[in-house]
Amino acid sequence: MLMPYGAVAPGATIHLGVRVHLADHWHTYWINPGDSGMPPRVAWRTPPGLAVGGLQFPVPRRIDTPPFVTFGYEGDIVFPVEVQVPEGAQPGSELTLSGTMRWLICKDICIPRKTELTCTLRVGTETLVAHAQQQARIEEALALVPREHAEWSFSASVDAVAAQLRVRPPADVDAAVLEKSMFFPEARGFIDYQSKPQWRHDGTDHLLMLKRSGEADLGGPVLRGALLVRQDERAPIVLSVAADVNK
Amino acid sequence: MKMKIHMTMAVAALVLGGWTLGAIADDHPPGEYKGPELSVPDLSGAIQTLQHQAGKIVVLEWTNYDCPFVKKHYSAGNMQELQKRYTGKGVVWWTICSSAEGKQGYYTAEKWKEMVEESGAASTATLLDVSGEAGRALSAKTTPHMFVIDRDGSIAYRGAIDNIRSTDPDDIEGAENFVAAALDALLQGEKVKVSKTAPYGCSVKY
């Protein structure tokens, strides 16, 4: 685990990181693993009053292994984890957080892994960073975790064969930029991953046409996913999409 | 009804231009699609044909004994228990392996006989789809990937075995088993409530 802090203040909200290093050609998975696979999950054991969130998943990459498509990660990955230090924590005391992570790594075959995680926080009067490099890795990963952006709006419609994601971006994002973006659907088995999504442009609105797989229904009134918008010479925009499906 | 579906698909193909429609099995709602021709050799080399099972409920279970998701259900005895329970009620249960020769999960028929014996599997037959033809015909993606075929040959359920997508046998007890639910409904002459879900598991090793 990445634990960049020399001390944490009572009541502070901090981010730790679960770091995974995979050998060449091995991968692990995003929330929606695609055609096969399984995302990592952690069961935490925490001292009283300490709140820990689930793994946060940076936007994945598409892994094509014909005839299948999966969404996941290769190489060196950090999954940020948010921790809320209890208000009543005593400076000078220690808080140990531990957990069991169950995850799956695959190349042509898959191996389930079970990893014990542990991390001790030293409570101080203020939060101090002791390992700037570790903190930079966590920040870097956090920047790739999809977030909602107020200046973007989404809606969706769904019929028997297709789903349309209607995107209204801020004024400085044009059709050419959107054409290079990638959408990762969160619902499993709903979208046919093999079919290349197609953009239609309609004034200030842009429509992403997604073919349904027929394998599963959306399972709710909201089309969710992550939209990765790459821009030349600027940091990518990593959007969390929650588009209400119009009746 | 069938005609109508085809027209909708044609219109969609036109509108969406450039998209090739996936395997036919994926584009038909369950219950309205008659299963494809499916002829696969069993461990004795005899050809088993789905069409010959008309009038019976048939379960198709895609497997690969080396896949951790399959091991989850076999190490806990869950798959064997389901096989026993439903073959005991007259259901035909075919365990199908589509691993190509040289790929993970491929074994000769002789080796398979030993493995079936060892695992205590109680399916009606184990079928070796080495060419992958049957798997592709049904768009089998994962191991396990489960299909329940109704007496009239329509697909009553296809998808995951249950709703906890893990490799951990401890999760079986609290899971909702979609295959058992579909079979219970069909055996009682009721409508299958959940007729399709996204499967989970290892990829089929075509």
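Residues numbered from 1 in each chain as written. Chains lettered and ligands numbered in written order. Predicted model: local features only at pLDDT ≥ 70, side-chain atom pairs only at ≥ 80, totals over all residues. Heavy atoms only, no water.

A. Highlighting the overall build of chain A. Within chain A, the regular secondary structure consists of two helices and 18 strands. C-alpha atoms of chain A, sized along the principal axes, occupy 60 × 45 × 35 Å. Among the 247 residues that make up chain A, the fraction classed as buried is 51%. For chain A, contacts bridging at least 24 residues in sequence account for 71% of all contacts bridging at least 6. Here chain A displays about 11500 Å² of accessible surface, and carbon together with sulfur accounts for 49% of that area. (Helix = DSSP H or I, 4+ residues; strand = E, 2+ residues; numbered from the N terminus. Buried < 20%, exposed > 50% of the residue type's maximum accessible area, 1.4 Å probe, protein only. Contact = heavy atoms within 4.5 Å. Areas by Shrake-Rupley, 256 points an atom, 1.4 Å probe, with all protein chains shown as cover.)

B. Representation of the packing of aromatic side chains. By the definition in use, this model includes 14 aromatic pairs over all chains. Geometrically, the ring pair formed by Trp30 of chain A and Phe71 of chain A is edge-to-face, given 6.4 Å between the ring centres and 90 degrees between the ring planes. With Trp30 of chain A in strand E3 (residues 27-34) and Phe71 of chain A in strand E7 (residues 68-74), this pair connects stretches of sequence that are 41 residues apart. Accessibility assignment for this pair places Trp30 of chain A and Phe71 of chain A in one class, buried. When the ring of Tyr73 of chain A is compared with that of Phe79 of chain A, the centres are 5.3 Å apart and the planes differ by 90 degrees; the resulting orientation is edge-to-face. The ring of Tyr206 of chain B carries the charged tip of Arg136 of chain B above its face, separated from the ring centre by 4.6 Å. (Phe/Tyr/Trp six-rings, centres within 6.5 Å; stacked < 30°, edge-to-face > 60°. Lys NZ or Arg CZ within 6 Å of the ring centre and 35° of its normal.)

C. Geometry of unusual backbone geometry. Cis geometry marks the peptide bond from Pro66 of chain A to Pro67 of chain A, where omega comes out at 5 degrees. Cis geometry is found at the peptide bond from Thr143 of chain B to Pro144 of chain B, where omega equals -10 degrees. Mapping Pro144 of chain B onto the fold places it in the loop between strand E6 (142-143) and strand E7 (146-149). We note that Glu233 of chain A has phi near 55 degrees; this positive angle belongs to a residue other than glycine. Mapping Glu233 of chain A onto the fold places it in the loop between strand E17 (222-231) and strand E18 (234-245). The phi torsion at Ser139 of chain B lies on the positive side, around 55 degrees, for a residue other than glycine. According to the relative accessible area criterion, Ser139 of chain B is buried, its value standing at 12%.

D. Structural context of the sheet that holds strand E5 (residues 51-52) of chain A. All names here are of chain A. Ordered by their spatial adjacency, three strands build an open sheet running E2-E8-E5, and the pairing between neighbours is antiparallel. Lying at the two open borders of the sheet, with one neighbouring strand each, are strand E2 (13-21) and E5. As paired strands, E5 and strand E8 (residues 76-84) are joined by two bridges and run antiparallel to one another. Looking across to E8, one finds that Ala51 is bridged to Gln84. Docked against the sheet, helix H1 (residues 132-143) engages E2 and E8, running at close to 95 degrees with respect to E8. (Pairing = 2+ DSSP bridges. Axes fitted to C-alpha atoms, helices over the stretch in contact; angles between N-to-C directions.)

E. A look at empty space enclosed by the protein. In total, this model carries three cavities of 30 Å³ or more according to the counting rule given. Around the largest cavity sit Gly34, Asp35, Arg188, Gly189, Ile191, Tyr193, Ser213 and Glu215 of chain A together with Lys141, Ala198 and Pro199 of chain B, which together line it. The residue makeup of the lining of the largest cavity, split by class, is four nonpolar, three polar and four charged. (1 Å grid on protein atoms, 1.4 Å probe; cavity = no way out; pocket = protein on both sides within 12 Å on 5 of 7 lines; lining within 4 Å. Points joined across faces, edges and corners; volume = space filled by probe spheres on them. Nonpolar A, V, L, I, M, F, W, Y, C, P; charged D, E, K, R; others polar.)

F. Focus on the sheet that holds strand E4 (residues 92-97) of chain B. Residues and elements named next belong to chain B. Taken together, five strands build an open sheet; the order of strands is E5-E4-E3-E7-E8 and the sheet is mixed. At either end of the open sheet lies a strand with only one pairing partner, and these are strand E5 (125-128) and strand E8 (155-159). In this sheet, neighbouring strand axes are inclined to one another by 20 degrees on average, regardless of whether the strands run parallel or antiparallel. Examined bridge by bridge, strand E3 (residues 58-63) and E4 share six bridges and lie parallel to one another. Paired with Val59 across the bridge in E4 is Trp93. Relative to the sheet, helix H4 (residues 78-87) contacts E3, E4 and E7, its axis offset from that of E4 by approximately 145 degrees.

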